[in-house]
Amino acid sequence: MPISTFRPRKKGEKLPPLKERLARIGLVNDWDYVLHLPLRYEDETAITPIADLVSGSPAQIEGVVIDERVSPRSLTAVVEDNTGVLQVRLIHFFPSQAQQLRVGARVRLYGEPRSGWNQTLEMVHPRIKRAVERTDDLPTTLTPVYPAGEGITQPWLRKRIARALLDVDLTDLLPESIRTKLRLPPLRDALQYLHHPPRGATLADLDTHSCPAWQRLKLDELLAQQITLRHSRVLRGKSVAPVLAEPKSGRITPDLIRGLPFRLTGAQARVWKEVGADLALPHPMNRLVQGDVGSGKTVIAALAACRAIECGYQAAIMAPTEILAEQHFRGISQWLEPLGIRIAFLTGHQKASERRAMLEDIASGRAQLAVGTHALIQDAVSFHKLGLAIIDEQHRFGVSQRLALRTAAADGLTPHLLMLSATPIPRTLAMSYLADFDVSVIDELPPGRQPVSTRIMPISRKPALIEGIGREVSRGHQAYWVCPLIEENEELDLTAAKETFEEIKSALPGVTVGLVHGELPQQEKDAVMQAFKAGEISLLVATTVIEVGVDVPNASTMVIEHAERFGLAQLHQLRGRIGRGSLKSWCILLYGEPLSENGKARLQVIRNTTDGFEIARKDLELRGPGEFLGARQSGVPMLRFASLEEDGELLDMARELGDEWLKNDPDTALRHAKRWFAGREGFLEA
Ligand code: ADP
Ligand code: MG
């Protein structure tokens, strides 16, 4: 549930409009309010005699004010019932509150009693209500306390939510048979219960989200998600894609395979077969190829592109950064140009004339393959006959970007989509979020690779380490030195990277040292990276701009400074830059002291394994799925109520029931999904 982080407002700074503040905590339409569930509850259904108050347990009391003292800054009062007295203290207060607490008034207070300085119990800033001496006007339900944003009060939210509960159509869409089989309450009852639990409701069950009402909402959520995923699969099955089957003549894929400087690994061959089979179907492929960094995903992309081309279609490969796009362009050109394939290259930083020429090549079909960055999905780009869209490092793109490349279709056909990713996704996550992707895994690294050895050292060893790197580099090998993001402050980061750069330069006078960072203009960045690739630079100092996927087989060492500040997945990605050739490779993680227990454990995960899946699993353990896999990647709204770790059983059930529901009564099932995700992300098209 989104809870906005509180930032103190500067004096005189105006609050943004209410509508905006509400949207920030996810409240836009009525349905959002209905699903805005309490954080906790307060029990105002009973009155506790003052003598029975327990320090630390919130309670409601009723009594008469017998003393009130007002100073400019604070107010103290004493309230008495026929069992004892309670002190009340307000540190800042409004005149209306002083009025409420005047001597002789009968009040109802809700708050948490604490032992005061003089042994009597005290409530600081209790909620104060005028009272009349009768108890039959007590509420019969617990009072909800909602997650709220700046300047949004509980009474306002309560009223607004109560109204939404009346206004929204809460017709139960879930088939009666499912509901009774699982012994779940109707939707309206479940919501009513969660917003206003009756007196005596077990708070523990509400807290652990294990009561039937909570189960009901979790199931509804999981069902909506599964139905959405299934449905988009069904839609995809209905749309038509070009059949890209191995042609009888004019084949180029075999030539490509023959021309490669290596043999495909078993895993690559298997994955290529899976991809090839998909391409031969008249429905658009939606396949994700997962493979650890360095597992050789690029060649799969090249093979698929060749298949499209030999069938008379165009292919496009989109990468998230200029450097990566350029690298693909060069690498793939090396493989494909000898086969007579013409390749266009498109990025945001080209000369207008060059760009125009590339666009023409793509539009006329003269270029059979287009390689580029996001520039490929801009309006000006129109393909002659696109049959296959390939997206590298797909987790770096949003859903809409993925879709944009695919919609560049030819003659009413939907192009096939192939996605590549080095971010391994654990099984439960894949099942729940990626049910609409087919997944192929390259689970084998090319032979002859030396596994990377990883060392952990305190940063105090930096000078000695620089000496060591100097020796490694003097053997003709290359090295990366990665400087971290210190805080969200580019300038500071840069200063640190520049200092390291100077320090290394003066310590190793005979070594060419380069520096690359995010502030550098793209062209200079590219120039430095190219020089490093070409071996003209031996030691590259970089902030985290070292792009994912950059391939420099001669780089055998990587130092990561303040490794404790990086995420596990990020460390794994970075380390994947080395160990790409046949050189024995080293990764050195420098940590700042003191290092927390958790920090140590995290670095040990990286030291002890090079298996991306294992690291992802650990990462997931440490961080939870929400952060691990943003809604951006899945295209499906994140779960708000159900949790993949705790509700595995419900998830299995939802998968089965969702399928059944969609089959038996698709209209209602889709209505359910649509209602549930009302107004969120453009997931239905994804
Ligand atoms: P990634 O999966 O990280 O994108 P790449 O496709 O960039 O990996 O491949 C990494 C390196 O391994 C490249 O230099 C590539 O040429 C090489 N490579 C790929 N497949 C093989 C193979 N079967 N045998 C040997 N080297 C390979
Ligand atoms: Mg790659």
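Residues numbered from 1 in each chain as written. Chains lettered and ligands numbered in written order. Predicted model: local features only at pLDDT ≥ 70, side-chain atom pairs only at ≥ 80, totals over all residues. Heavy atoms only, no water.

### A look at the packing of aromatic side chains
What describes a pair of aromatic rings is the distance from one ring centre to the other and the angle between the planes of the rings. Evaluated as defined, the whole model comprises 6 aromatic pairs. Seen in terms of ring centroids, phenylalanine 641 and tryptophan 676 are 6.1 Å apart; in terms of plane orientation they differ by 80 degrees. Their pairing is edge-to-face. Of this pair, phenylalanine 641 sits in the loop between α23 (631–634) and α24 (648–664) while tryptophan 676 sits in helix α25 (residues 666–676); the two residues are 35 residues apart in sequence, bridging distant segments of the chain. By relative accessible area, which is 5% here, phenylalanine 641 ends up buried. On the basis of relative accessibility, which here comes to 3%, the residue tryptophan 676 falls in the buried class. Of the aromatic side chains, those joined through ring pairs into one cluster are Trp31, Trp214, Phe641 and Trp676. It is arginine 160 that lies over the ring of tyrosine 33; its NZ or CZ is 4.0 Å from the centre. For lysine 584, the ring lying beneath its charged end belongs to tryptophan 586, and the centroid distance is 5.3 Å. (Phe/Tyr/Trp six-rings, centres within 6.5 Å; stacked < 30°, edge-to-face > 60°. Helix = DSSP H or I, 4+ residues; strand = E, 2+ residues; numbered from the N terminus. Buried < 20%, exposed > 50% of the residue type's maximum accessible area, 1.4 Å probe, protein only. Lys NZ or Arg CZ within 6 Å of the ring centre and 35° of its normal.)

### Points about the pattern of salt bridges
The final tally for this structure, using the stated rule, is 31 salt bridges. Arginine 108 is paired through a salt bridge with glutamate 62; the nearest N and O atoms lie 2.8 Å apart. Taken together, the residues span a long stretch of sequence, with arginine 108 in strand β5 (residues 106–111) and glutamate 62 in strand β2 (residues 59–70) at a distance of 46 residues. The exposure classification of arginine 108 matches that of glutamate 62, with both residues buried. Arginine 258 is the partner of aspartate 255 in a salt bridge, and the nearest nitrogen-oxygen pair spans 3.5 Å. In this pair, aspartate 255 and arginine 258 both sit in helix α9 (residues 253–259), 3 residues apart, roughly one turn of the helix. (Salt bridge = Lys/Arg side-chain N within 4 Å of Asp/Glu carboxyl O.)

### Side note on the site of ligand 1
Taken together, 16 residues lie around ligand 1, and Gly294, Lys297, Thr298, Arg449 and Asp551 are the ones closest in. Within the backbone of glycine 296, a nitrogen or oxygen atom sits 3.0 Å from an oxygen atom of ligand 1. Separating an oxygen atom of ligand 1 from a side-chain N or O atom of lysine 297 is a distance of 2.7 Å. Contact with the protein chains covers 85% of the free accessible surface of ligand 1, which is 560 Å². (Near = heavy atom within 4 Å. Polar contact = N/O pair within 3.5 Å; in protein donor to acceptor, adjacent residues only side chain to side chain. Areas by Shrake-Rupley, 256 points an atom, 1.4 Å probe, with all protein chains shown as cover.)

### A closer look at α25
The set of residues buried in α25 consists of Thr668, Ala669, His672, Ala673, Arg675 and Trp676. An end-on view of α25 places all buried positions within 170 degrees of arc, on one side of the element. Facing away from the buried side of α25 by more than 90 degrees, the exposed set consists of Asp667 and Lys674. In this structure, the buried residues of α25 make contact with α2 (30–34), α6 (187–195), α8 (212–238) and α24. (Arc of directions from axis to C-beta. Contact = heavy atoms within 4.5 Å.)

### Quick look at α6
Turning to α6, its buried residues number three or more, namely Leu187, Ala190, Leu191, Leu194 and His195. In an axial view of α6, the angular spread of the buried residues amounts to 120 degrees, which keeps them on one side of the axis.

### Considerations on the environment of arginine 21
Note on placement: arginine 21 falls in helix α1 (residues 18–24). With relative accessibility at 11%, the residue arginine 21 sits in the buried group. Remark: the alpha-carbon pair of arginine 21 and glycine 151, spanning 130 residues in sequence, is separated by 8.4 Å. Apart from the residues lying within four places of it in its own chain, the contact partners of arginine 21 are Leu15, Pro16, Glu150, Gly151 and Ile152. A polar contact of 2.8 Å, which involves the side chain of arginine 21, links it to the backbone oxygen of glutamate 150.

### Quick notes on a negative patch on the surface
A grouping of Glu649, Asp652, Glu656 and Glu660 is seen on the molecular surface, where their side chains present a negatively charged patch. Along the polypeptide, glutamate 649 turns up in helix α24. (Patch = residues over 30% accessible without salt bridge, like charges linked within 9 Å, V, L, I, M, F, W, Y side chains within 5 Å. Lys, Arg positive; Asp, Glu negative; His and termini not counted. Charge placed at Lys NZ, Arg CZ, Asp CG, Glu CD.)

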